[in-house]
Amino acid sequence: MIDKNDNLALRKLIMDHYTKPQNFGFDNDQTLTIIQLSSSTCSDELVMGIKVIDQKISQLKFEGIGCAISMAAADILANLLINKTEQESLNVIHNFELLLNNDPSYNEELLDKLIAFKNVYKQRNRIICATLLANGVKQFFKGLK
Amino acid sequence: MNLKDKFPIFKKNKNLIYFDNSATTLKPITVIGQEMAYLTNIGANPNSNDYEIAIQANELLATTRNKIARFINAPKAEEIIFTSGTTHAINQIAFGLKQQFQPGDEIVVTAIEHSANLLPWVVIGQEFDLVVKKLLLNQATGIDLDQIKNVITSKTKVVSFAAVSNTIGYVNEVDKIIAEIRKINQTTIVVVDCAQSIAHLPTDVQQWDADFIAFSAHKMYGPFGIGVLWGKTEHLTKLAPIFYGGGMSSKINLQLTDYVLEPLPSRLEAGTPNISAIAGFDTAIDFLNEIGMENIHQYEKELKNYAIEQIEKFNLKAKIDFYNLDNDAPMLTFNAHGFNPQDVANYLSFKYNIATRSGSHCARRTDEVLPTSVSVRASFGVYNTKAEIDLFIQGLGELDNFLDIIF
């Protein structure tokens with residue numbers, strides 16, 4: 001578990017996931033459900049690809065252009081949500097939203113490396129960046145109902 | 001030129017460096033005061049005219065219309081149509097021309113138009129089966145004069161372009177472009193989007209020989225929610241209104257099957273005008289006239305040249321791509337290698353209180369002429385200084401620290 005007070009390590013973590021994202025690219029996988037992730041006031045233009053098998057997320061990828069916060073958050077979140085059910089995924093996202101809104105009731109264990117975004121709440125305009133992929137996942141599950 | 005004292009926002013935000021003047025300009029105390037004075041002392045609807053304050057409202061409307069006509073050298077004040085802004089004005093032109101379109105007619109724009117001068121034409125093109133084409137641009141992303149003859153044809157109904165682009169800032173030679181269009185087709189209607197030029201360069205609709213122009217007061221140190229559609233009388237009288245309502249109808253027949261509209265400008269100004277904003281607009285024109293448009297142009301050019309010198313001095317080109325150093329429009333559009341524009345803009349704000357804008361700047365097809373669809377834009381206005389540019393240059397030199405904003 002990463003130390004949430006080690007800012008140097010957290011910075012490095014964000015930079016690593018931004019510059020070398022592990023979940024970037026769809027690799028021509030035609031079975032993914034594609035969702036556009038963007039906001040009219042930011043320069044992020046990401047596209048999400050998701051697949052659920054046996055009620056668990058089996059693939060969660062993204063492509064496009066994004067800022068450090070949106071790309072790193074998308075990458076870390078994608079790692080966390082793999083093999084999770086809808087309920088489990090939404091729970092992680094809910095706790096991430098608590099963190100981003102500076103609500104101390106979040107479950108740190110569930111957030112794992114997402115804790116690196118502990119201070120994004122100070123930059124209100126960047127909460128939208130940090131939640132781009134999270135919102136795409138929520139939209140996907142909503143669409144299934 | 002030190003004008004900051006005239007802008008109350010700098011009293012509250014002492015260290016604000018405002019480089020987002022292409023999005024909107026800040027408001028001088030005189031403009032704010034005039035809008036407030038209207039609401040405090042006059043407050044009437046200019047569609048009434050039977051008592052003192054209503055008479056004053058009507059006089060203000062007439063005075064401002066005249067002042068704006070002189071500001072753009074329009075031959076007649078009734079050719080000044082008040083709109084909510086540039087977007088409303090261009091939509092009024094595009095949809096107001098609909099009775100004049102034949103299937104197959106051509107609309108000509110450029111790839112770097114703002115959405116306000118692109119989307120209405122795309123929509124009207126779809127609806128009336130028109131061909132929407134693009135003028136070709138030169139290396140510096142201005143309209144290529146030599147290529148105009150290869151695009152304009154006998155079927156070109158409208159050419160609509162920005163005098164200055166909102167992303168790159170290239171200053172188009174409006175008069176020469178229009179002359180070139182007229183050589184090929186004398187009936188083509190030429191629309192000039194002046195949103196980005198109106199507060200930075202002199203505007204002369206007669207010297208340009210434009211048919212319509214559009215601009216917004218808020219980009220010229222004036223209030224939000226008010227702007228101008230100017231057109232030659234012959235075109236304005238044929239334009240179908242997009243809004244119908246009070247103040248513009250002189251007669252509706254008993255059977256409710258026919259109507260007569262008021263003459264210009266009323267026929268294109270349905271409803272109650274944003275009269276308190278018009279009061280502020282009037283003062284914004286005074287503000288610009290007092291400094292002088294030619295002086296503004298020279299001063300802002302000096303700022304741009306100074307920025308270019310500093311970019312060279314600190315060798316910033318080694319790690320930042322600047323897309324518009326070869327034109328004298330007062331804006332810089334750039335991308336730092338390996339950095340997303342939003343991260344750059346947020347860092348400049350966080351560390352230096354510098355307001356810039358990141359993104360596509362509402363010009364969705366710019367990636368046809370730039371190597372990117374998103375960028376950072378720093379745009380200057382009359383209150384900006386060389387000292388502010390120094391801080392901006394310093395900030396650009398230390399972008400590696402951009403994650404400071406969340407730690």
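Scroll up for the structure.
Computed from a predicted model, the values in this text were never measured in an experiment.

*Asks:* Describe the interface of chain A and chain B, listing the residues and the values that go with them.
*Replies:* Counting residues at the interface gives 22 residues for chain A and 19 residues for chain B. Carbon and sulfur atoms make up 51% of the surface buried where chain A meets chain B, a total of about 1800 Å² over both sides. Taken together, the links from chain A to chain B amount to two salt bridges. A salt bridge links aspartate 404 of chain B to arginine 11 of chain A; the shortest N-O distance between them is 2.6 Å. Here chain A is connected to chain B by eight residue pairs in polar contact (both at pLDDT 80 or more). Elements that contribute at least two residues to the side of chain A that touches chain B include exactly helix H1 (7-19) and helix H2 (68-81) of chain A. Within the side of chain A that touches chain B, the residues separate by chemical class into twelve nonpolar, six polar and four charged.

*Asks:* Now, about the sheet that holds strand S7 (residues 212-216) of chain B: what can you tell me, with residues and values included?
*Replies:* Residue and element names in this part refer to chain B. Strand order in the open sheet made by the seven strands is S2-S8-S7-S6-S5-S3-S4, with mixed pairing throughout. The sheet terminates laterally at strand S2 (80-83) and strand S4 (131-134), the two strands that pair on one side only. Strand-to-strand, the axes of this sheet are offset by a mean angle of 20°, without reference to chain direction. Pairing geometry for strand S3 (residues 106-109) and S4, over four bridges, is parallel. Bridged to valine 109 within S4 is lysine 134. Packing of helix H6 (residues 174-184) onto the sheet brings it into contact with strand S5 (156-162) and strand S6 (189-193), and relative to S6 it is tilted by some 160°.

*Asks:* Requested: an account of the pattern of salt bridges, with residues and values cited.
*Replies:* Oppositely charged side chains can form a pair if their charged atoms are brought close together. Residues and elements named next belong to chain B. For the coordinates displayed, the defined rule picks out 23 salt bridges over all chains. In this structure, lysine 67 engages aspartate 286 in a salt bridge whose closest nitrogen and oxygen atoms are separated by 2.8 Å. Here lysine 67 is found in helix H3 (residues 52-71), whereas its partner aspartate 286 is found in helix H9 (residues 275-291), with 219 residues between them in sequence. Note on lysine 67: relative accessible area 14%, which makes it buried. Aspartate 211 is paired through a salt bridge with arginine 182; the nearest N and O atoms lie 3.1 Å apart. A residue pair is termed long-range when its members are at least 10 positions apart, and aspartate 211 in the loop between helix H7 (205-208) and S7 and arginine 182 in helix H6 qualify at 29 residues. Judged by relative accessible area, which is 13%, arginine 182 ranks as buried. Overlapping salt bridges bring together Arg182, Asp209, Asp211 and Lys232 as one network.

Calculation notes
- Residues numbered from 1 in each chain as written.
- Chains lettered and ligands numbered in written order.
- Predicted model: local features only at pLDDT ≥ 70, side-chain atom pairs only at ≥ 80, totals over all residues.
- Heavy atoms only, no water.
- Contact = heavy atoms within 4.5 Å.
- Buried area = accessible area lost by both parts, 1.4 Å probe.
- Salt bridge = Lys/Arg side-chain N within 4 Å of Asp/Glu carboxyl O.
- Polar contact = N/O pair within 3.5 Å; in protein donor to acceptor, adjacent residues only side chain to side chain.
- Helix = DSSP H or I, 4+ residues; strand = E, 2+ residues; numbered from the N terminus.
- Nonpolar A, V, L, I, M, F, W, Y, C, P; charged D, E, K, R; others polar.
- Pairing = 2+ DSSP bridges.
- Axes fitted to C-alpha atoms, helices over the stretch in contact; angles between N-to-C directions.
- Buried < 20%, exposed > 50% of the residue type's maximum accessible area, 1.4 Å probe, protein only.

It is worth stressing that arrangement in space is one thing and function is another; only the former is reported here.
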